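As a plain string of letters, each chain reads:
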Amino acid sequence: MTLRHSGVRDVISYNWPQYAAGAATAAAAALLAPRLPRTLRPLAWTGSAAALTLLCTATAASWHVYDRSGLYTYDWLEALLPRVPSAYVVVSTGLDEVSGPLAARWPQARRTAIDLYDRALTAEGSLRRARRRVPPPAHATSGRPQALPHPSHSADAVLLVFATHELRRAQDRELLFSECARLLRPGGTLLVAEHVRDAANTAVFGPGAWHFLPRREWLRLAAHAGLKHGAEHRFAGLITAFAFTKDRK
């Protein structure tokens, strides 16, 4: 079976209202400019150019990350996980593009997929559109941030890949990290991969970068759950992957 991932075309289809709004803003400013007083025309042209530039940079960045960076090869896991896990859990919040590739990468490992999708918790329209295109794996079980249906101390790794930022309430994120820590065996790893709200992501995504969480929030959540900040890996210039470890005691 061919594994299908969200490249730039899918990113646009999931987020088409934002793209439509940006294009409409650029067109409206360009149409309005000739009708404005001369002193105001440069502002309108600048606004139109800025909207178009932002559309182009966001699209180019998405293409670079999701189509060209090797993100979905998961080779970058080698820099974060000390060994191949014998049992691992993938937690998603609506779009799981991790379980398939990892099943092929770690065929001998016991795998579990937990789906937290709930429109009351994850209200983004883009997630609803993505979910219609990419349904959860057949073996996935439903869970809540405060109740992951999996035994305690039973996983060598738990993976949250582009998932936790969709939980917009800090309390839900804290509950999820605590549950992930519960699932981990001593010495196990919670792996988090996300865009972070920083200068690089803001430069290419503009105001859209405020949907991401700052690096300090990920460190805070790990500390709240009693996990230690271990390895950290930056790739594609825009993605940060964190490895948080559970004490061996």
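Basis of the calculations
Residues numbered from 1 in each chain as written. Predicted model: local features only at pLDDT ≥ 70, side-chain atom pairs only at ≥ 80, totals over all residues. Heavy atoms only, no water. Helix = DSSP H or I, 4+ residues; strand = E, 2+ residues; numbered from the N terminus. Buried < 20%, exposed > 50% of the residue type's maximum accessible area, 1.4 Å probe, protein only. Contact = heavy atoms within 4.5 Å. Core = buried A, V, L, I, M, F, W, Y, C linked by side-chain atoms within 4.5 Å. Salt bridge = Lys/Arg side-chain N within 4 Å of Asp/Glu carboxyl O. Pairing = 2+ DSSP bridges. Axes fitted to C-alpha atoms, helices over the stretch in contact; angles between N-to-C directions. Parallel < 35°, antiparallel > 145°, perpendicular 65-115°, else oblique. Left-handed = near helix turned anticlockwise from the far one by under 90°. Nonpolar A, V, L, I, M, F, W, Y, C, P; charged D, E, K, R; others polar. Phe/Tyr/Trp six-rings, centres within 6.5 Å; stacked < 30°, edge-to-face > 60°.

Here Ser142 is to be found in strand S3 (residues 141-142). Judged by its relative accessible area of 63%, Ser142 falls in the exposed class. Counting along the chain gives 103 residues from Ser142 to Thr39, while the straight-line C-alpha distance between them is 58 Å. Contact partners of Ser142, with chain neighbours within four places excluded, come to Ile114, Asp115 and Pro149.

If you look at the biggest cluster of nonpolar residues, it comprises 35 residues, and the most contacted ones within it are Leu71, Trp76, Leu77, Tyr88, Leu102, Leu159 and Phe205. Residue assignment for this core shows that the elements contributing at least two residues are helix H3 (41-68), strand S1 (87-92), strand S4 (155-161), strand S5 (184-195), helix H7 (199-205) and strand S7 (239-245). Tallying contributions element by element places H3 first for this core, with five residues. Counting 27 residues, the second largest nonpolar core, distinct from the first, contains Val89, Val91, Leu176 and Leu184.

It is possible for side chains of opposite charge to pair when their charged atoms get near one another. As enumerated under the stated definition, the model contains 12 salt bridges in all. In this structure, Arg169 engages Asp172 in a salt bridge whose closest nitrogen and oxygen atoms are separated by 2.7 Å. One salt bridge connects Glu174 with Arg220, and the closest N-O pair in it is separated by 2.8 Å. Of this pair, Glu174 sits in helix H6 (residues 170-183) while Arg220 sits in helix H8 (residues 215-224), and the two are 46 residues apart along the sequence. Relative accessible area serves as the criterion here: at 19%, Glu174 is assigned to the buried category.

With that settled, consider the sheet that holds strand S6 (residues 228-235). The seven strands lie next to each other as S3-S2-S1-S4-S5-S7-S6, forming an open sheet whose pairing is mixed. A strand with exactly one partner marks an edge of an open sheet, and here the two such strands are S3 and S6. Direction of pairing for S5 relative to S7: antiparallel, over a ladder of seven bridges. The residue of S7 that forms the bridge with Thr189 is Thr245. In the packing of H6 onto the sheet, contacts are made with S1, S4, S5 and S7, and the angle to S5 comes to roughly 140°.

Attention now moves to the packing of helix H2 (residues 16-32) against H3. Packing of H2 against H3 brings their axes to within 7 Å, and their N-to-C directions diverge by 155°. One way to sum up the angle between H2 and H3 is to call them roughly antiparallel. In terms of crossing hand, the pair formed by H2 and H3 is left-handed. Mapping the contact onto sequence places Tyr19, Gly22, Ala23, Thr25, Ala26, Ala29 and Ala30 in H2 and Ala44, Trp45, Gly47, Ser48, Ala51, Leu52, Leu55, Ala58 and Thr59 in H3. Residue composition of the contact of H2 with H3, grouped by class: 11 nonpolar, five polar and no charged.

Turning to the packing of aromatic side chains, a few remarks are in order. Enumeration according to the criterion identifies nine aromatic pairs in this entry. Here Tyr74 and Trp76 contribute two aromatic rings whose centre-to-centre distance is 5.5 Å and whose plane-to-plane angle is 40°, an arrangement assigned as tilted. Taking 5.1 Å as the distance between ring centres and 75° as the angle between the ring planes, the aromatic pair formed by Tyr88 and Trp106 counts as edge-to-face. Highlighted residues: Tyr88 in strand S1 and Trp106 in the loop between helix H4 (99-105) and strand S2 (110-115), separated in sequence by 18 residues. Judged by its relative accessible area of 2%, Tyr88 is buried. Connected via pairs of aromatic rings, a cluster forms that spans Tyr72, Tyr74, Trp76 and Phe235.

Our next topic: the pairing of S6. Judged from the six bridges that link them, S6 and S7 form a sheet pairing that is antiparallel. Paired with Glu232 across the bridge in S7 is Phe242. Between S6 and S7, which pair antiparallel in sequence order, lie three residues; one of them, Ala236, sits at a positive phi of approximately 60°.

What follows is about the packing of H6 against H8. Running from N to C, H6 and H8 point in directions that differ by 50°, and their axes come no closer than 8 Å. In terms of their interaxial angle, H6 and H8 are classed as oblique. The way H6 lies across H8 gives a crossing that is right-handed. Residues Ala170, Arg173, Glu174, Phe177 and Ser178 of H6 pack against Glu217, Trp218, Arg220, Leu221, Ala222 and His224 of H8.

Function cannot be inferred from these measures alone, as they are strictly geometric.
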